[in-house]
Every structure is written in C-alpha cells, then in structure tokens.
Amino acid sequence: MSFVPPGSGWPEDPAGPGTPVARTPEDVRELARASGTLGELTARQSVCRACPRLVEWREEVADVRRRAYRDETYWGRPIAGWGDDAPGVLLVGLAPAAHGGNRTGRVFTGDRSGDWLFASLHRTGFAALPTSTHAGDGQRLIGARLVAAVRCAPPANKPTPQERAACYPWLARELELVAPSLRVVVCLGGYAWQAVWPALRAAGYALPRTRPPFGHGAEVPLSLGGAAVHLLGCYHPSQQNTFTGRVTAPMLDAVFTRAAALAR
C-alpha cells in the first residue's frame, strides 16, 4: 500500500478507520467547518483526498521511495497541524517535502529545512529537542504549533492556486480553534505569507486594508475580538536559502525570539 492506513498504529496518527474523508473542495469546506475540536480537525486533515494531482504524487513518492529510504515505510498522507493545542505562536510553512514530512508523518521533519527550523525552535524555547526525525521521536513543541498552508507534498514543491484554495479551509478552521491563546503567526516564506491572508480573514481576524509585502522580520499588527495578534515574516529555511546565506541561524533565532516576546 502506498500510504499508511489511518488507525493502523503509526505514531501520532490523529485519524482512525472511521474518520470522514474529504474527496472534493466542497467536502473540505464542510468537514473543516464541522470540526469542533483540534482532534477532529487534524484527523480529517490527515486523510483528505480532495486534490487528485496531490494524492497521486504523494502516494507515488511513498510507493517508489528514495534510495536512501527504500527500507522505510512512508506516511504518504496529508500532514496535519502539530504541536501545542493552545499555542501562543503558530508557524505556517508552504507544504510537506516529498521525502520529509510525506515520509515521516510530521511537518518539517526528516529534511534539511526541518533540521534548521527545529534547532532554532529549541534554542529559543519552543521545542523540547533540537532535532525532529520522525513521528513518535519524543519531540514536542512548547507554546507553539506548526502547520503547512498546503497539507500534501506537491510535485516540484509547487502547489497550484486551485490546490492552495482547496486546502485553505483547513488552515482557517485551525486558526479559529487556536484563537483564544494565539498571539503571533510566523510565516515561513512568501508563499505562506500569501496563503495565510485569506485564512486569517475567514477566521475573523481584523487585517490591514492592503497586504503588506513579505520580508524577513516584517511585522504586521492584527487583532481578533480586541486581542492583539502579530503577523511576522521569516525567510524559509530551505536548502537554497541556508546554503547561500540568505537565512542564517541568528536570523531565525531573532524572529523566534521576537515571537516569544510578543506571545508573552
């Protein structure tokens, strides 16, 4: 089988055999809206089949596998939101990597981007361990939650606008459910900065009339029901960015240190 069946014993699997499956964008909207808890929402996210191209790709990758991981079982399903259920900080990335999250079952886990990200989150007090290698490895987030704007690994790491639109109700509902504690949203890259905007609006956040440009360290004040919330920009810790020095460990640490101060 080219994906892990829900409820089969994979560590941290939020779903079970009876979890309802979204097969169309309309199903995504309905199931996201009807999710009363984060547990229900993440379970439904993790079995979604609403985007045929993404389903085909993630399962093909899980079936063929990279040579270095040929003896491993790949997750091969969407990657649900993960971390603290009452976070002060929400980190939003682009999408799972084909041989990272799509293999390990956890976002930003098992690839070079995740190595940089979790090391920084550990240094700044948001992660219990400096590495994240696989679901069930003992890693946990402290006061933070991590999600992807698109929950499935896309070909060439490029989801289509239609796929992003189909997936955004999952993000909007997650923003609603964590709203009581949330004070900071950190966007890891320009794609996440664009994708989170309509989700914030749908979740009821008061936004500036025009979307400010993305930049590393960019900071935008938002609000929800009178509570101050801040949107922060952070360059994505991709191999391209880290190898070229566009983003460095001190740069990541500075953003997360600022996020921690705002969350307090």
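Up top is the structure these notes are about.
Residues numbered from 1 in each chain as written. Predicted model: local features only at pLDDT ≥ 70, side-chain atom pairs only at ≥ 80, totals over all residues. Heavy atoms only, no water.

(A) Structural context of the packing of helix 5 (residues 112–123) against helix 9 (residues 249–263). The contact between helix 5 and helix 9 brings their axes to 9 Å, and the two run at 50 degrees. Overall, the two elements helix 5 and helix 9 adopt an arrangement that is oblique. The way helix 5 lies across helix 9 gives a crossing that is right-handed. Here helix 5 contributes Trp116, Leu117, Ser120, Leu121 and Arg123 to the contact with helix 9, which in turn contributes Ala249, Leu252, Asp253 and Phe256. When grouped by side-chain class, the residues that make up the contact of helix 5 with helix 9 number six nonpolar, one polar and two charged. (Axes fitted to C-alpha atoms, helices over the stretch in contact; angles between N-to-C directions. Helix = DSSP H or I, 4+ residues; strand = E, 2+ residues; numbered from the N terminus. Parallel < 35°, antiparallel > 145°, perpendicular 65-115°, else oblique. Left-handed = near helix turned anticlockwise from the far one by under 90°. Contact = heavy atoms within 4.5 Å. Nonpolar A, V, L, I, M, F, W, Y, C, P; charged D, E, K, R; others polar.)

(B) Local environment of the packing of aromatic side chains. Considering all chains together, one arrives at four aromatic pairs under this definition. Considering the side-chain rings of Trp10 and Trp75, the 5.5 Å spacing of their centres and the 50 degrees angle between planes classify their relative orientation as tilted. Of this pair, Trp10 sits in the segment before helix 1 (25–33) while Trp75 sits in the loop between helix 3 (52–64) and strand 1 (82–83), placing them 65 residues apart in sequence. Given a relative accessible area of 2%, Trp75 falls into the buried group. Arranged with centres 5.7 Å apart and planes meeting at 65 degrees, the rings of Trp193 and Phe214 form a pair that is edge-to-face. With Trp193 in helix 7 (residues 190–202) and Phe214 in the loop between helix 7 and strand 5 (219–224), this pair connects stretches of sequence that are 21 residues apart. A relative accessible area of 27% places Phe214 in the partly exposed class. Here a set of aromatic residues connected by ring pairs shows up, and it is made of Trp193, Phe214 and Tyr235. In this structure, Arg103 packs its charged tip against the face of Tyr69, placed 3.7 Å from the ring centre. The ring of Tyr191 carries the charged tip of Arg164 above its face, separated from the ring centre by 5.3 Å. (Phe/Tyr/Trp six-rings, centres within 6.5 Å; stacked < 30°, edge-to-face > 60°. Buried < 20%, exposed > 50% of the residue type's maximum accessible area, 1.4 Å probe, protein only. Lys NZ or Arg CZ within 6 Å of the ring centre and 35° of its normal.)

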